[in-house]
Amino acid sequence: MLDFESDTGGGRVPVTVVAGASEGACVRLLGRLDFEAAGGGVLAIVNGPMKQAPAVAGLVEHIGGRMVPHAVGCLCCAGRSPLTDALRRHYARRSHGESRFARVVIELEPGDDPAPVLQTLLNNALVTQYYRLDGLVAVLNGAASTSLQAGVRKAVAMADRVLWVGEQPLPPSLAHEVAVLAPAAMPVIAETAPRLGERLTGCGYHDAVRDGNGLGRWLGAESLEQAGPGAPGERVQRFCVDLPSRMGWEGFHTWIDAGMRMNGDVIWRVRGVVALEGEDGPILVQGVQQVLQPPVRLPAWGDLPRRSRLSFVTCDLDRAAVVESLARDLPVFDAQARERQQRRIRAMADPSLPA
């Protein structure tokens, strides 16, 4: 049985990842966010050259090349990544009073895949003891006025928020494309949005739990149900599935872990709350491609009905395939897990029996 973590987000620094088509989006973003009023400065980690340093940011770190060398790899490889090194170095300086920041903003180069950075923030023990993922902000600008490129489409589909920084209004064709890709992350217009900082931050599950009634919004199930199924022929799909009530953790974990590892190239993002036998509150799970965050035990269900539900963002994998796997594979994994548990109980009662 895997031990569940409690929500410790209040003691860790929130991190916002900025991705998309707009070079220098970090400058525009930091210029509009009132971090000082929120009680601290901001550390900006920028991938590639930045023509203008954001004056509001107390610290700016430039990283050349790939922030994370491997999307999935051993801990020693992940520990040598420039992003991990930068985050740990600045946190040490912060702990010693040599710098001051209450939030981190990581800006990727236009078109970069956000998945490896999100994976680092979800399940790299060298990072997650100090930082927590707040959310992914996909930034669009006037250059994307006709349609989205492949790399930007992925960032938009995975995003918690979408930010439009064009001087002209958001084109209707682009607004429709964003609504199809990310129905729960409708665009925020940078030039006109009031309290922009509040609109682009507070996306993570920790803030949803703190608000008391935000888990449903974090899961995005209602928005997905209202949006309905994706358009015919659309490769990117967003959908929810309900799971059997009162599952055992070991069988469920084997199912979702195997599915993410085998289909990580097409399962871009998953998040969910699970009702388990012996647990009063929900167990929160989330993952990006092949990597799952360690499960988190939450104290209460908040605004959610007491049932297990997963929300998916996929490419070339539809809801029917996931539902079929749930019906075919999950009962097998659950039965195997219960059989192993019975063998362990018998072995404890009689050590002469094999476990």
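Each chain has its residues counted from 1, following the order in which its sequence is written. Where local features are concerned, this predicted model is filtered to residues with pLDDT of at least 70; where side-chain atom pairs are given and counted, the filter is 80 or more; whole-chain, interface and lining totals use all residues. Computation of side-chain values covers all heavy atoms of the structure but excludes hydrogens and water.

**Quick look at the nonpolar core**
Here's step 1: As used in this record, nonpolar core signifies buried Ala, Val, Leu, Ile, Met, Phe, Trp, Tyr and Cys residues forming a set joined through side-chain atoms within 4.5 Å. Exposure is judged per residue with a 1.4 Å probe applied to protein chains only, and the accessible area is read against the type maximum: over 50% gives exposed, under 20% gives buried, and values in between give partly exposed. By size, the foremost hydrophobic cluster in this structure holds 48 residues, and its most contacted members are Ile-45, Val-104, Ile-106, Leu-121, Tyr-131, Leu-140 and Val-156.
Here's step 2: Any two residues whose heavy atoms approach within 4.5 Å at even a single point are treated as in contact. The residues contacting Ile-106, other than those within four sequence positions of it, are Val-15, Thr-16, Val-17, Val-18, Ile-45, Met-67, Leu-83, Val-117 and Leu-121.

**So, helix α14 (residues 330–349)**
Here's step 1: In a regular helix each residue adds 1.5 Å, so 20 residues correspond to 28 Å; α14 covers 29 Å between its end C-alpha atoms and thus fits that length.
Here's step 2: We count a stretch as a helix when DSSP gives it H or I for four or more residues in a row; a strand needs E for two or more, and each element gets its number in order from the N terminus. Of the residues making up α14, those classed as buried are Leu-330, Asp-334, Ala-337 and Ala-347. End-on, the buried residues of α14 take up no more than an arc of 145°, which puts them together on one face.
Here's step 3: Where α14 is buried, its residues touch α12 (249–263) and α13 (319–328). Expected helix span is taken as 1.5 Å per residue step, with the number of steps being one fewer than the number of residues. It is the directions from the helix axis to the C-beta atoms that the arc portrays.

**Some thoughts on the packing of helix α6 (residues 150–158) against helix α7 (residues 172–181)**
Here's step 1: Lines fitted to the C-alpha atoms define the axes, with helices restricted to the stretch that makes contact. Angles between their N-to-C directions range from 0 to 180 degrees. In the contact formed by α6 and α7, the axes pass within 8 Å of each other and the chain directions differ by 55°. As the angle between them shows, α6 and α7 are arranged oblique. At the point where α6 passes α7, the crossing takes the right-handed sense. Residues Arg-153, Val-156 and Ala-157 of α6 lie in contact with α7, whose contacting residues are Glu-177, Val-178 and Leu-181. Oblique is the label for any angle not covered by the other classes, which are roughly parallel (under 35 degrees), roughly antiparallel (over 145) and roughly perpendicular (65 to 115). Two helices crossing with the near one rotated counterclockwise from the far one by less than a right angle form a left-handed crossing, whereas a clockwise rotation gives a right-handed crossing.

**Some remarks on the pattern of salt bridges**
Here's step 1: Whenever Lys or Arg places a side-chain nitrogen within 4 Å of a carboxyl oxygen from Asp or Glu, that contact is recorded as a salt bridge. For the structure on display, the rule yields 19 salt bridges.
Here's step 2: Of the charged contacts, one joins Arg-153 and Glu-177 as a salt bridge, the two residues approaching to 2.6 Å between their closest N and O atoms. With Arg-153 in helix α6 and Glu-177 in helix α7, this residue pair connects regions lying 24 residues apart in the sequence.
Here's step 3: Members of the salt-bridge network, linked through shared partners, are Arg-132, Asp-207 and Arg-210.

**Section: helix α3 (residues 82–95)**
Here's step 1: Between the first and last C-alpha of α3 there are 20 Å, a value that for 14 residues agrees with the 20 Å anticipated at 1.5 Å per step.
Here's step 2: Where α3 is concerned, the buried positions are Leu-83, Thr-84, Ala-86, Leu-87, His-90 and Tyr-91. Down the axis, α3 shows its buried residues gathered within 165° of arc, on one side only.
Here's step 3: Gly-97 sits one or two positions beyond α3 and adopts a positive phi of about 75°.

**Quick look at the confidence of the model for the chain**
Here's step 1: What pLDDT expresses is the predictor's confidence in each residue, scored from 0 to 100. Averaged over all residues, the pLDDT of the chain is 81; the fraction at 70 or higher stands at 79%.
Here's step 2: The low-confidence segment residues 71–78 (pLDDT under 50) makes twelve contacts with residues lying over four places distant or belonging to another chain.

**Details of the pairing of strand β7 (residues 161–164)**
Here's step 1: Summarising the sheet, strand β6 (residues 131–140) and β7 pair through four bridges and their orientation is parallel. Its bridge partner lying in β7, Val-139 is registered against Leu-163.
Here's step 2: Strand pairing follows a simple DSSP-based rule, namely that at least 2 bridges must link the two strands. Summarising the sheet, β7 and strand β8 (residues 187–189) pair through three bridges and their orientation is parallel. Opposite Leu-163, over in β8, you have Val-188 as the bridge partner.
Here's step 3: Tracing the backbone out of β7, into α7 and back to the parallel element β8 gives a crossover that is right-handed. Handedness rule for crossovers: strands pointing away from the viewer, path from the first strand over the helix to the second running clockwise, crossover right-handed.

**Observations concerning unusual backbone geometry**
Here's step 1: In this structure, Gln-289 takes a positive phi of about 50° despite not being glycine.
Here's step 2: Tracing the chain through its elements places Gln-289 in the loop between β11 (283–288) and β12 (291–292).
Here's step 3: At Asp-316, a position not held by glycine, the phi torsion is positive, near 65°.
Here's step 4: Within the secondary structure, Asp-316 is located in the loop between β14 (309–315) and α13.
Here's step 5: Asp-316 sits in the partly exposed class, given a relative accessible area of 47%.

**Thoughts on the sheet that holds strand β3 (residues 42–47)**
Here's step 1: Across the sheet, seven strands lie side by side as β4-β3-β5-β2-β6-β7-β8; this open sheet has parallel pairing. In this open sheet, the two strands that pair with only one neighbour each are β4 (59–63) and β8. This sheet shows a mean twist of 25° between the axes of neighbouring strands, independent of strand direction.
Here's step 2: Each of β2 (13–20), β3, β4, β5 (103–107) and β6 is contacted by α3, which is oriented at about 160° to β4, the strand it contacts most.
Here's step 3: Against the sheet, α6 touches β2, β6 and β7, its axis set at about 130° to β6.

**Points about the packing of α13 against α14**
Here's step 1: The N-to-C vectors of α13 and α14 enclose an angle of 35°; their axes lie 4 Å apart at closest approach. Taking contact as the criterion, the partners of Ser-325, Leu-326, Ala-327 and Arg-328 in α13 are, on α14, Leu-330, Pro-331 and Val-332.
Here's step 2: Nonpolar residues are Ala, Val, Leu, Ile, Met, Phe, Trp, Tyr, Cys and Pro. Charged residues are Asp, Glu, Lys and Arg, and all others, Gly as well, are polar. Residues that form the contact of α13 with α14 fall into these classes: five nonpolar, one polar and one charged.

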